[in-house]
Amino acid sequence: MHRIKHYSWRHSARFHSTNSTNKTIIANGISHRTAAVLTITSLTAGYLLGTYQSYSTQEEYHQHESVLPNGLPRTCCQENERKSTLSSEQETQLVQQLRKIVGKDHLVIDGSLLNSKTQAYLKGARLGGAPCLCIVTPEHLHHVVSIVKAVVDAGAVIVPQGSNTGLTGGSVPRYSTDGRPIVVLSLKKLNGIFPLDDGKRVCCLAGAGLAQLQQFLQQYFPDRETHSTLGSTFLNPTAAAGVALGSGGTQCRKGPAYTERALYLKVTQNKWKENVVEIVNTLDIEGLEDDPNPRSRLVMDSVPYRVDTWSRWIQEGYAQNFRYSTPNARPARDIHYKERLCAYDENDKKKKQTSRISRYNADTSGPEFVRSEGKVILLATVHDTFPKPKQTKTLWLSFDQLETALQFRKQVCLNNPNDVPISCEYLDRDSFDIIDRSGRFLGKMIAFLGTSSPIVSRLWNVKVAIEGAGFPFLVDQWLHFINNAVPPLLPSPIQKLGHKWDHHIVVTVGDFDDTDHEDNSNALDTDTNQSCLTRFEQRLQDFLAQHPSKVETYECSLSQVPALTAFRFVAAPAFRTWCVGEGVQGYSVDYALPVSGGHAPPIDQPKPLRRMRYSHFACNVVHEDLAYARDVDLDSAKYAFKHIVEHDCGGKLPAEHGHGTEYKAPPETQRKWQYLDPLNVLNPGVGQTSEHFQYKTE
């Protein structure tokens, strides 16, 4: 059975953000800078109080945990005992061997305690966490190969980890009945980024994050954009993690995180039962092809070592020249994504064909490392960059009913692949009301500072620290209390539309060059004398003429776009704040519906108090946050909802956050993972699979 996320977690919703910064004074309120100072002061004071919170006995601690509202995930490492199949001497030998490989500065020896040094590795961003044997943080790719071999030979297992921003517990250690010691392999120090093909592509090492990549392109290739733009960019999630999960986001033209070019490790056994760490290279980069001498045992001949050398040369300024892709290189993006979005089939609703779902985490198509969720270790990935549009236009549209919005999606947004918008995000009435009621302060901070701001990231970390120090609701109670003292986040015309209508879409459209077909897609039958932006506007005017009094639109200025971005970004945090402030419980789920569908799955009794429904509208990937009274059996409600999504609506769960430990992977996905990791030594237990060696039962 799937375990769907409960309400009280931290979540970074995805939404395209411009770099514009609104530095005006908040009308009839405090200034942005004053708000920032007040926030920092208040949260820091709370943090200092929280650090002095303690419990004299273990019983007091568990009593505190037991009174938390339903749905609040328990904290990491509550059980002090870590069972192990290895003796203490064997564990010590393994730790010493790892220290020899990476050096003492890149090894956290004691992973059994949750403290300021280990929390970033042991505790999930939203949920999950457990003790481990040790945490290793290599700075060289060829060290990763040696680490994996040492850990597997010792009889331990590895949990690969990037920036640890995952939301379903798949990138942190977990309690298991297996007993094999866990080594957390943190790859975030492997954060090199290298340009390819004159900046049309980039090679990202395993720890390179999206915020870092965005800054890299802004500095060296300001006319290009990253392959993925998320509201959670300030957390710097890694590009490799996006590929490993098959994560998506808001980008309609670019598609989900996908590439067929990577460098990764697989663990197998040969016919003599010896463990083998296989290096697989599909980077397709000139000069970094497979080892010239496959039988060579020299480390310097390996591809990881040569990538390390290239990285060092670039960082030290010795290699300024570009590298280029090999002839007939594999794609570095999903080149057919736009076509799939626009291939609407009138019979899809009746057929409920899973093949017509645009993207979901259990999809087994594509290269083996895509959506592998830790069953291989990604060392580097190649991604396309994208030309910036000549100009953009952002519109807020409000509809009388969801059916009208779905017709708008089909007739205006997905009319043809050339004219697909940059992003198309949907919000229902409950989403608008709850964000406006409980998300103003956080939204103001993000709109002013930007989603990639390190200040926002630090403030978020302070909030997390307060929650982990014994005050799990303090910040949310404060945010809910002061919310109405903060002016609305959205401009007044949009605020009025939000209160008048029940269904809303924020769409951003760009003017692109129709002759740019780097993805090898065929030029479509469109009027090349008009820009795609002009064609979009003409279709919109035709749609409005066909639906009088059913739609209202508002064109946003560039200075207003950051507020819209922030409003969408704070949806999930605002839901948690609202639940805490109102004293109710809730849960969250993300799922994908067939591309020709989109109606809300019906819910039987008990009815939720509030049902936030917001989605990446073009691809039909939906996020729902549902609030219930405290006396409702939340588990029964969420499992009933999951059944409706999958069996009555033809949907798939999860859609983009990965299975982690929260969702049970379907049989075909489990078979793929077992093929990739036949020994079950990499991320055992992901997707609620067996935790035991070679997937044996207990």
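- Under an unreviewed UniProt entry, the name given to the protein is D-lactate dehydrogenase, and the organism recorded is Fistulifera solaris.
- The annotation that UniProt attaches to the protein under Cofactor (unreviewed entry) is "FAD".

### Brief notes about the overall build of the protein
Step number 1: For the protein, the count of helices and strands is 21 helices and 18 strands.
Step number 2: Counting across all 698 residues of the protein, residues that qualify as buried make up 60%.
Step number 3: Partitioning the intrachain contacts of the protein with sequence separation of at least 6 by distance along the chain shows that 78% fall at a separation of at least 24.
Step number 4: Approximately 28,500 Å² of the protein is accessible, and the part contributed by carbon and sulfur atoms is 50%.

### As for the pattern of salt bridges
Step number 1: Applying the stated rule across the entire model yields 27 salt bridges.
Step number 2: Here aspartate 153 ties to lysine 149 by a salt bridge, and the two come within 2.5 Å at their closest N and O atoms. Of this pair, aspartate 153 and lysine 149 both sit in helix H5 (residues 141-154), separated by 4 residues, roughly a single helical turn.
Step number 3: Residue aspartate 153 is classed as partly exposed on the basis of its relative accessible area of 44%.
Step number 4: Owing to a relative accessible area of 32%, lysine 149 belongs among the partly exposed residues under this scheme.
Step number 5: With a closest N to O distance of 3.3 Å, lysine 266 and glutamate 368 form a salt bridge. On the criterion of sequence distance, the pair formed by lysine 266 in strand E8 (residues 262-269) and glutamate 368 in the loop between helix H10 (348-351) and strand E10 (377-384) is long-range, its members being 102 residues apart.
Step number 6: Glutamate 368 gets classed as partly exposed once you look at its relative accessible area, which sits at 22%.

### Some words on the nonpolar core
Step number 1: Judged by nonpolar contacts, the single largest core of 46 residues is most densely connected at Leu98, Val144, Val148, Leu185 and Ile377.
Step number 2: Residue contributions to this core peak at 8 residues, all from H5.
Step number 3: If near-sequence neighbours (up to four positions away) are discounted, valine 148 is found in contact with Ile158, Leu185, Leu265, Val267, Val277 and Ile377.

### Some remarks on the packing of H5 against helix H8 (residues 303-315)
Each pair of packed helices gets described by two things: the angle between the helix axes and the distance between those axes.
Step number 1: Contact geometry for H5 and H8: axes closest at 7 Å, N-to-C directions at 150 degrees. When H5 is examined against H8, the residues Leu141, His142 and Val145 are found in contact with a partner set consisting of Pro304, Tyr305, Val307 and Asp308.
Step number 2: Residues of the contact of H5 with H8, tallied by class, amount to 5 nonpolar, 1 polar and 1 charged.

### A short note on the environment of valine 280
Step number 1: Assignment of secondary structure puts valine 280 in strand E9 (residues 275-281).
Step number 2: Overall, the relative accessible area of 13% leaves valine 280 in the buried class.
Step number 3: Separated by 98 residues in sequence, valine 280 and leucine 378 place their C-alpha atoms 9.6 Å apart.
Step number 4: Non-local contacts of valine 280, meaning those with residues more than four positions away in its chain, are made with Ala262, Leu263, Tyr264 and Lys266.

### Focus: the pairing of strand E18 (residues 621-628)
Working note: regular strand, side chains alternate between the two faces of the sheet.
Step number 1: The buried fraction of E18 amounts to 8 of the 8 residues, a majority that puts the element mostly inside the structure.
Step number 2: Pairing of strand E16 (residues 585-592) with E18, which is carried by 8 bridges, proceeds in the antiparallel orientation. Paired with glycine 586 across the two strands is alanine 627, which belongs to E18.
Step number 3: The hairpin turn running from strand E17 (residues 610-616) into E18, its antiparallel successor, is 4 residues long, and asparagine 620 in that turn takes a positive phi close to 65 degrees.

### Thoughts on the sheet that holds strand E14 (residues 503-510)
Step number 1: Read from one edge of the open sheet, 7 strands run E15-E12-E14-E13-E17-E18-E16, paired in antiparallel fashion. Edge strands, defined here as strands with exactly one partner in the open sheet, are strand E15 (551-556) and E16. Across the sheet, the mean angle from the axis of one strand to that of its neighbour is 15 degrees, orientation sign disregarded.
Step number 2: The pairing of strand E12 (residues 392-399) with E15 spans 6 bridges and is classified as antiparallel. Residue pairing for E15: leucine 395 is matched across the bridge by glutamate 555.

### A look at the packing of aromatic side chains
Step number 1: Scanning the entire structure with this criterion turns up 12 aromatic pairs.
Step number 2: When the centroid spacing of 6.3 Å and the interplanar angle of 50 degrees are considered together, the rings of phenylalanine 216 and phenylalanine 221 count as tilted.
Step number 3: Judged by relative accessible area, phenylalanine 216 falls into the buried class, the value being 15%.
Step number 4: Taking 5.4 Å as the distance between ring centres and 20 degrees as the angle between the ring planes, the aromatic pair formed by tyrosine 426 and phenylalanine 617 counts as stacked. Residue tyrosine 426 is found in strand E13 (residues 423-428), and its partner phenylalanine 617 is found in the loop between E17 and E18; the two are separated by 191 residues along the sequence.
Step number 5: Here phenylalanine 617 falls in the buried class, since its relative accessible area comes to 2%.
Step number 6: Counting every residue linked through ring pairs, the aromatic cluster contains Phe216, Tyr220 and Phe221.
Step number 7: Lying over the aromatic face of tyrosine 639, lysine 638 brings its terminal NZ or CZ to 5.5 Å of the ring centre.

### What to know about unusual backbone geometry
Step number 1: The omega torsion across glutamine 605 and proline 606 is -5 degrees, close enough to zero to call that bond cis.
Step number 2: Residue proline 654 follows leucine 653 across a cis peptide bond; omega there is -15 degrees.
Step number 3: Looking at where proline 654 falls in the secondary structure, it is placed in the loop between helix H20 (634-648) and helix H21 (667-676).
Step number 4: Even without being glycine, lysine 273 reaches a positive phi, approximately 65 degrees.
Step number 5: Looking at the secondary structure, you find lysine 273 in the loop between E8 and E9.
Step number 6: According to the relative accessible area criterion, lysine 273 is exposed, its value standing at 62%.
Step number 7: The phi torsion at asparagine 620 lies on the positive side, around 65 degrees, for a residue other than glycine.
Step number 8: Mapping asparagine 620 onto the fold places it in the loop between E17 and E18.

### Description of the packing of helix H3 (residues 88-102) against H5
Step number 1: It is at 10 Å that the axes of H3 and H5 come closest, and there the two elements cross at 170 degrees. The pairing of H3 with H5 is recorded here as roughly antiparallel in orientation. Here Leu94, Gln97, Leu98, Ile101 and Val102 of H3 come into contact with H5, specifically with His143, Ser146, Ile147, Ala150, Val151 and Ala154.
Step number 2: A per-class count over the contact of H3 with H5 returns 8 nonpolar, 3 polar and no charged.

Basis of the calculations
- Residues numbered from 1 in each chain as written.
- Predicted model: local features only at pLDDT ≥ 70, side-chain atom pairs only at ≥ 80, totals over all residues.
- Heavy atoms only, no water.
- UniProt positions renumbered as here; feature names shortened; annotations may be inferred.
- Helix = DSSP H or I, 4+ residues; strand = E, 2+ residues; numbered from the N terminus.
- Buried < 20%, exposed > 50% of the residue type's maximum accessible area, 1.4 Å probe, protein only.
- Contact = heavy atoms within 4.5 Å.
- Areas by Shrake-Rupley, 256 points an atom, 1.4 Å probe, with all protein chains shown as cover.
- Salt bridge = Lys/Arg side-chain N within 4 Å of Asp/Glu carboxyl O.
- Core = buried A, V, L, I, M, F, W, Y, C linked by side-chain atoms within 4.5 Å.
- Axes fitted to C-alpha atoms, helices over the stretch in contact; angles between N-to-C directions.
- Nonpolar A, V, L, I, M, F, W, Y, C, P; charged D, E, K, R; others polar.
- Pairing = 2+ DSSP bridges.
- Phe/Tyr/Trp six-rings, centres within 6.5 Å; stacked < 30°, edge-to-face > 60°.
- Lys NZ or Arg CZ within 6 Å of the ring centre and 35° of its normal.
- Parallel < 35°, antiparallel > 145°, perpendicular 65-115°, else oblique.

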